[in-house]
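# Coordinates in review
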Amino acid sequence: MRAAMRIEETELPGVLVIEPRRFADDRGFFMETYNQSALAAAIPYPFVQDNLSRSKRGVLRGLHFQEPNPQGKLVRCARGALFDVAVDIRVGSPHFGHWVGRTLTEENALMLWVPPGFAHGFCALTDDAELAYKCTSLYSASADRSIAWNDPDISIPWPLSSPTLSPKDAAAPLLRDASVLPSFTA
């Protein structure tokens, strides 16, 4: 029997791409979007909150993180298509400022594991794209932080040049100017 989920390391240590097994027939399909036993070794954190975000084409959200009380996020595209990014922002990390991105779609069903201590962002590539995600920590408004989506030191080649941003994201500082960042622990 084939495993319920295929787990791949990315070029950024700690960030994973997870592909659930999809069972399809002429009626539609079924897949497990989360299986604790299948993911326990790869993601050794309990999930405490589920979120759903819907965005119109051209909306970019991020780069978001929480400090203190960082959140790990297991993200997937439930509808449409998204370009999703994780950035290592842990002070002292050998990969500080490095990023990894993947196109997540409802068709490819890929998920991205964004560990605690990483910033997360995404942009909608289709109308009414939905990002569903599980979090390892509860949301805290006082710990909610962001980094500029277009930080030249990070240099993410977003698939759009003039995104629609929230006021918070439009005013986000560069990584080098962030006043609070998580720390790297080996």
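Scroll up to find the structure.
Everything numeric here is computed off the predicted structure, so don't read it as measured data.

## Description of the layout of surface pockets
Space inside the largest pocket adds up to approximately 370 Å³. H64, K73, Y133, Y139 and D144 are the residues nearest the centre of the largest pocket, which is lined by 23 residues in total. Per element, the largest residue contribution to the lining of the largest pocket is 5 residues, and it comes from strand β11 (residues 118–124). Class assignment of the residues belonging to the lining of the largest pocket gives a composition of 9 nonpolar, 9 polar and 5 charged. Roughly 200 Å³ of volume is contained in the second largest pocket.

## Thoughts on the nonpolar core
Core analysis: the biggest nonpolar cluster contains 19 residues, and V15, L82 and L112 have the highest contact counts within it. Counting only elements with at least two residues in this core, the list comes to β7 (73–79), β8 (81–88), β9 (99–105), β10 (111–114), β11 and β12 (129–135). Beyond its immediate stretch of four places on either side in the chain, V15 contacts E8, E9, T10, A86, V100, L112, W113, P115 and F118. One finds V87, W158, L175 and L181 within the second-largest nonpolar core, a separate group that totals 18 residues.

## A closer look at unusual backbone geometry
Here G62 and L63 are connected by a cis peptide whose omega angle stands at 10°. Note on placement: L63 falls in strand β6 (residues 60–66). The omega torsion of the bond from E67 to P68 falls at 0°, within 30 degrees of zero and hence cis. Position of P68 among the secondary structure elements: in the loop between β6 and β7.

Rules used throughout
Residues numbered from 1 in each chain as written. Predicted model: local features only at pLDDT ≥ 70, side-chain atom pairs only at ≥ 80, totals over all residues. Heavy atoms only, no water. 1 Å grid on protein atoms, 1.4 Å probe; cavity = no way out; pocket = protein on both sides within 12 Å on 5 of 7 lines; lining within 4 Å. Points joined across faces, edges and corners; volume = space filled by probe spheres on them. Helix = DSSP H or I, 4+ residues; strand = E, 2+ residues; numbered from the N terminus. Nonpolar A, V, L, I, M, F, W, Y, C, P; charged D, E, K, R; others polar. Core = buried A, V, L, I, M, F, W, Y, C linked by side-chain atoms within 4.5 Å. Buried < 20%, exposed > 50% of the residue type's maximum accessible area, 1.4 Å probe, protein only. Contact = heavy atoms within 4.5 Å.

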